[in-house]
Structure formats: C-alpha cells, structure tokens
Amino acid sequence: METFTDLCHINVKGGDGGAGCMSFRREAYVPKGGPDGGDGGDGGDVIIEADPQLSSLIDFRYKHHFRAERGTHGEGARRYGRDGRDLVLRVPLGTVVRELDATTQTPAYEIADLTQPGERVVVAPGGVGGRGNIHFVTPIRRAPAFAEKGEPALEHWIELEMKLMADAALVGMPSVGKSSIIARISAARPKIADYPFTTLVPNLGVARASDGRSFVAADVPGLIEGASEGRGLGHQFLRHIERTALILHVVDLTGGYEGRDAVEDYRTINAELAAYAEDLASRPQIVVGNKCDMPDTEDQARRLREAAEADGHQYFSVSAVTGKGLDALVAMTATRVAELRSELPAADPRQDRTERWERDRRTRDREITITREERHAWRVSGGAIERMVVQTDWDNDEAVAFLQHRFERIGLDERLEKAGLETGDEVRILGFAFDYEGAPSEDAYGADNDRGDSVIEEFGEDDD
Ligand SMILES: Nc1nc2c(ncn2[C@@H]2O[C@H](COP(=O)(O)OP(=O)(O)OP(=O)(O)O)[C@@H](O)[C@H]2O)c(=O)[nH]1
Ligand SMILES: [Mg+2]
C-alpha cells in the first residue's frame, strides 16, 4: 500500500559557474596578441515545478541532495563556457516551499506556494560564470593578465510541504462515518469513535479503484450548523476544502442519536458551505448515504437520493462497516477526479514565482553587514561582497588590485570608516583577511582609468 509523505527537507545546490579564461591571442610573428579569454558558463538552476499528475512527495523520501550541472570554463580564442543544465524537481500541486534556517533547520520564510499547474520557482540559482580577460581591457590596461573565477553556487536546505490538496474531500456532520470510509478505501488509519469531533486534523489517504486509477481523499473534521461563522472545529478546514475539486458529502442514514433527518443534515451542510464561500456550494459533489447496514434506513436513503439528484448530484448508499457500495463509490469518484483533472489548465511553465523571491533575495544579497569580532578585527558579510572575494584569483596581484577597485566603487571604505574602524584593523571576509588602510584616499587602481572601464559591470549599478 502506498504511504503518504507530505513533508520533507531537501538540500539543493545550483551548478557552480565556470571560470573565466585568461588568454592572449597567438599569431605568427606577433609576440603577444590581445587578450582573448572567454567567459565561463553559468551554472544550472534547481527549479521546483508543480505537476498536476503527482499526488505525493514520495520521490523526496529517500533522496535528499539535488544538484544542478556546473558551467564549463571559458577558453582562449574567445570561446565561452557552456551553461550547466537546470535541474527541475516536480512536486504535487499545493506544495509550499520554505527556506530552512541553516542552524535550527526550522522554517525561516516561505519561498512559494505552488498551486497552479506548471508553476515554478528557482530555489537554488546557479553561479554566474567568471568573466574572461577580454572584459578587463581598458585604454591603459591593454593586456589584463587575470580573469574571474566562476561564482560558487550556494547550497541550502528547503522544506517541501504538500498542503491538503486532496482530489476529493469527505465532508459532513460529526460522527457520520467520514473517517471510517477513508479507513476502508485507503491505507489511512484515522481514529474512529462514536463521539463528535473525533477527527481534529484532516486524514489523507490514497484510494485506488479496482482498475488501478487512484485519487487522494481527505476526511475533514465534522462540520456543524454555524461552522461558516466559526462554530465547531471545521471552520479552519473549510479553507482546505476550497482547494479540493470534488466534495464527497457524507450523510448518516440513521440520523445519529438525535434521530436527525438525512435530508435536513444534507441541506444544513450545503448551507454552511455556501455561507463560507459561494463557490463551494456549486463545487461538484457526490452525496454518500452511510450506515446503510443499519435497519430502517431505506426510507432515508430514498429521500436523500431524491434530494441529491434534484440538485444534480450523484448519490451512493454505502456502509463503512460491511463495505457495501464502496467499490462503486470509489470507481465513480476516480472517474470524476480524472475528468476534473483534465479540465485543469495545461502546465504553463511561464507561471514563474521566481521573480518576486529572486528580487527579495537580491536585495538581501546586496546588504553588507559589518560586525566587530575582536577589538581590532571586523567581519564584513553579505552575499554579493563575499562572492566578489571568492571569484578573485588571489595568486594574481592584478586580480587582487581589481578587487580593491571594486570595493572602492561600492563604497566599502566609507562604510568601514563609519562603522568605526581604525587604520591597521583587520577586515575579515569569509576566510580572507585584509588590513584596513584608513579613510578613503586616491583610487589606487582606477584613478587613471576612470571612465575607461565601462565594460566592467558595477555592483549596485546593474539595474534589474
Ligand atoms: N453501523 C455503522 N456504523 C458506522 C458506519 N460508519 C461509521 N460508523 C460508526 O460511526 C461512528 C463515527 O464514525 P467516524 O468514522 O469516527 O465518524 P466521523 O464522521 O469521522 O466523525 P468526526 O471525525 O467526529 O467528524 C463510529 O462509532 C463508527 O464505528 C457504518 O457504515 N455503519
Ligand atoms: Mg472523523
């Protein structure tokens, strides 16, 4: 039997960017031609996509690490590296994606709630390829002897939670037998008892018809009159029913201890659904008269069938105790679910949730935090600035001087001065340390080529 997995934690990492190339043209009789090192390719992204064909997160149960392909390195003769391929992970509709806090492994914030077929979000962008030395040519620096390294992609943990997105929801008054039915038609083992509100949270189960077609059913805590205004426990679950295409409306044919009337119960629940949301009342429904094993229920069953059919709904008499009528109910539900699924809009990969999240991420990325770690040692952190550092080839003086120049362009020195650094203090970025050389002075690197380096894309200036 199929188990139901609805929450998992996975580790995702985009592909690293390929390194830019440092190379010079070679031609006969030319001792040293111009620079011709191409850029590294960008790493692939890890993307999460909502797929209406899936009904569980079972694919993520045993495999937890997902990596996109890296970009290849740039080469001489202006050859660019190839971009890495994206890795697309498919999840069921109704999956919420959250960032997990790196230390506590608890949800930090929501990245996306994927409810539309084909909706997607990039959860781990690939690293950008490093630029080749052709980009660092300026009128005064004709032969830049350095290139950028590729950007390492970040790795992080995310949570995937499949919210109740059952194909069919079992709805009805307390104790009518909703949990008993789900237990009988699936592997779910909910608590069953003869007092109202036994079910406190929805139970999900995968039901399978004899021909193999399956659907996800959920039983929802019992609804009572006034539920739409918050009475009973069912109110908060009406929200979940809203996400469900088909309602299996369960009615107790015995009328319970109070000797209620089946048709009245049926109307009460429909009124509550309508009061909660207009649209819920017109949602496709199959009406289920349960406990037909009990004596003297035929009359109630006949009246309920008439009421249901008058409303345009199909009707089934069943017994969760003997199993009578359940095969027919499951087969019809599978058919209706398949019809409703096929009416869903086709997957549209343009439904992209990445933009908003990506914008937020970039804003965070550009923030620079300066904290004092010791009396004369300070840490500078921030996504973008840390990347500048790791993309630098530290064995190459020219590359290091270029980094210095970039720091000045983003106003790091002013920031450090404001934070209270004194000349000679240590500045730490990731595993690297520099000496703070005091208040901003002449631009040691860029002073003589101020406007010449327009090919250099600057931090904070590349509008997006
Ligand atoms: N005779 C008979 N009793 C049933 C049948 N289905 C359920 N019951 C009994 O009805 C009582 C309530 O069943 P549940 O399945 O817990 O009902 P529920 O609708 O999930 O109730 P809540 O979770 O409280 O809303 C239990 O005592 C069941 O044994 C049936 O088909 N025939
Ligand atoms: Mg129940």
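So, here is what we can say about the structure in this document. None of the values given here were measured: they were computed from a predicted structure. (Residues numbered from 1 in each chain as written. Chains lettered and ligands numbered in written order. Predicted model: local features only at pLDDT ≥ 70, side-chain atom pairs only at ≥ 80, totals over all residues. Heavy atoms only, no water.)

On a plain count of helices and strands, the protein comes out with ten helices and 18 strands. For the protein, the residues scored as buried account for 50% of the 464 residues in total. When contacts within the protein are restricted to residue pairs at least 6 apart in sequence, those whose partners lie at least 24 apart make up 73%. Total accessible area computed for the protein in this model is approximately 22,600 Å², and 49% of it derives from carbon and sulfur atoms. (Helix = DSSP H or I, 4+ residues; strand = E, 2+ residues; numbered from the N terminus. Buried < 20%, exposed > 50% of the residue type's maximum accessible area, 1.4 Å probe, protein only. Contact = heavy atoms within 4.5 Å. Areas by Shrake-Rupley, 256 points an atom, 1.4 Å probe, with all protein chains shown as cover.)

It is worth spelling out the sheet that holds strand β6 (residues 107-114) at this point. With mixed pairing, the five strands of this open sheet are ordered in space as β3-β1-β8-β5-β6. Of all strands in the sheet, those with a lone pairing partner are β3 (65-67) and β6, marking the two edges. The mean inter-strand angle of the sheet, taken between neighbouring strand axes irrespective of direction, is 30°. (Pairing = 2+ DSSP bridges. Axes fitted to C-alpha atoms, helices over the stretch in contact; angles between N-to-C directions.)

All of the buried residues in helix α10 (residues 412-419) are L412, D413 and L416. For α10, the arc enclosing every buried residue in end-on projection is 100°, short of the 170-degree limit, so these residues lie on one face. The inward-facing, buried residues of α10 contact β15 (369-374), β16 (377-381), α8 (383-390), α9 (397-409) and β17 (426-429). Downstream of α10 by a residue or two, G420 has a phi angle that is positive, lying close to 105°. (Arc of directions from axis to C-beta.)

The next point concerns the coordination of the magnesium ion (ligand 2). On the protein side, the magnesium ion (ligand 2) has S179 (OG) and T199 (OG1) as donor atoms, found 2.0 to 2.1 Å from it. On the criterion of sequence distance, the pair formed by S179 in helix α1 (residues 178-185) and T199 in the loop between α1 and β10 (203-208) is long-range, its members being 20 residues apart. Comparing S179 with T199 shows no difference in burial state: the two are buried. (Donors = N, O, S within 2.8 Å, 3.2 Å for Na, K, Ca; no water.)

Once that is clear, we can look at the site of ligand 1. Lining the immediate surroundings of ligand 1 are 23 residues, of which S180, T198, T199, D293 and A320 lie closest. A distance of 2.8 Å separates an oxygen atom of ligand 1 from a polar atom in the side chain of T199. Within the side chain of D293, one N or O atom sits 2.8 Å away from a nitrogen atom of ligand 1. Expressed as a share of its isolated accessible area of 650 Å², the protein-covered part of ligand 1 is 88%. Among the elements that line the shell around ligand 1, the one with the most residues is α1, at three residues. Taken together, the residues that form the shell around ligand 1 break down as ten nonpolar, nine polar and four charged. (Near = heavy atom within 4 Å. Polar contact = N/O pair within 3.5 Å; in protein donor to acceptor, adjacent residues only side chain to side chain. Nonpolar A, V, L, I, M, F, W, Y, C, P; charged D, E, K, R; others polar.)

So, about the pairing of strand β1 (residues 7-13). Where burial is concerned, most of β1 is hidden: five out of the seven residues are buried. Note that β1 and strand β8 (residues 155-162) share seven bridges and pair antiparallel. Bridge pairing in β8 links K13 to E155. Direction of pairing for β1 relative to β3: parallel, over a ladder of three bridges. The residue of β3 that forms the bridge with N11 is H65.

Backbone hydrogen bonds hold the strands of a sheet together, and the pairing may be parallel or antiparallel. Strand order in the open sheet formed by six strands is β10-β11-β9-β12-β13-β14, and the pairing between neighbours is mixed. The open sheet is flanked by β10 and β14 (314-317), the only strands paired with a single partner. Put simply, the sheet's adjacent strands are angled 25° from each other on average, direction ignored. Strand contacts of α1: β9 (168-172), β10, β11 (214-219), β12 (246-252) and β13 (285-290), with the helix running at about 45° to β10, the strand carrying the most contacts.

What follows covers the side chain of K178. Mapped onto the secondary structure, K178 falls in helix α1. Of note is the side chain of K178, whose polar atom sits 2.7 Å from the backbone oxygen of M173.

To continue, consider the nonpolar core. Ranked by size, the top nonpolar core spans 37 residues in total, and within it V171, I181, F215 and L273 carry the most contacts. Among the secondary structure elements, those contributing two or more residues to this core are β9, α1, β11, α2 (235-241), β12, α3 (262-276), β13 and α6 (326-342). Sort the elements by how many residues they give to this core and α6 lands first, with six residues. Leave out the neighbours within four places in its chain, and F215 touches D167, A168, G205, V206, A207, V330, T333, A334, V337 and R341. Counting 23 residues, the second largest nonpolar core, distinct from the first, contains L57, A68, L89 and L160. (Core = buried A, V, L, I, M, F, W, Y, C linked by side-chain atoms within 4.5 Å.)

Moving on to the environment of I370. Among the secondary structure elements, I370 is positioned in strand β15. Taking C-alpha positions, I370 is 9.6 Å from R428, a pair spaced 58 residues apart along the chain. Apart from residues no more than four positions distant in its own chain, I370 is found in contact with W378, R379, V380, R415, L416, A419 and L421.

Right, let's get into the packing of α3 against helix α5 (residues 298-310). Axis separation between α3 and α5 bottoms out at 8 Å; the angle between their running directions is 35°. Between α3, through A262, V263, Y266 and R267, and α5, the contact on the second element is made entirely by Q300, R303, L304, A307 and A308. Among the residues making up the contact of α3 with α5, the classes are represented as six nonpolar, one polar and two charged.

The pairing of β15 with β16 spans five bridges and is antiparallel. Residue T369 lies in a different strand from β16, and its bridge partner there is S381. Linking β15 back to β16 in an antiparallel pair, the connection comprises two residues.

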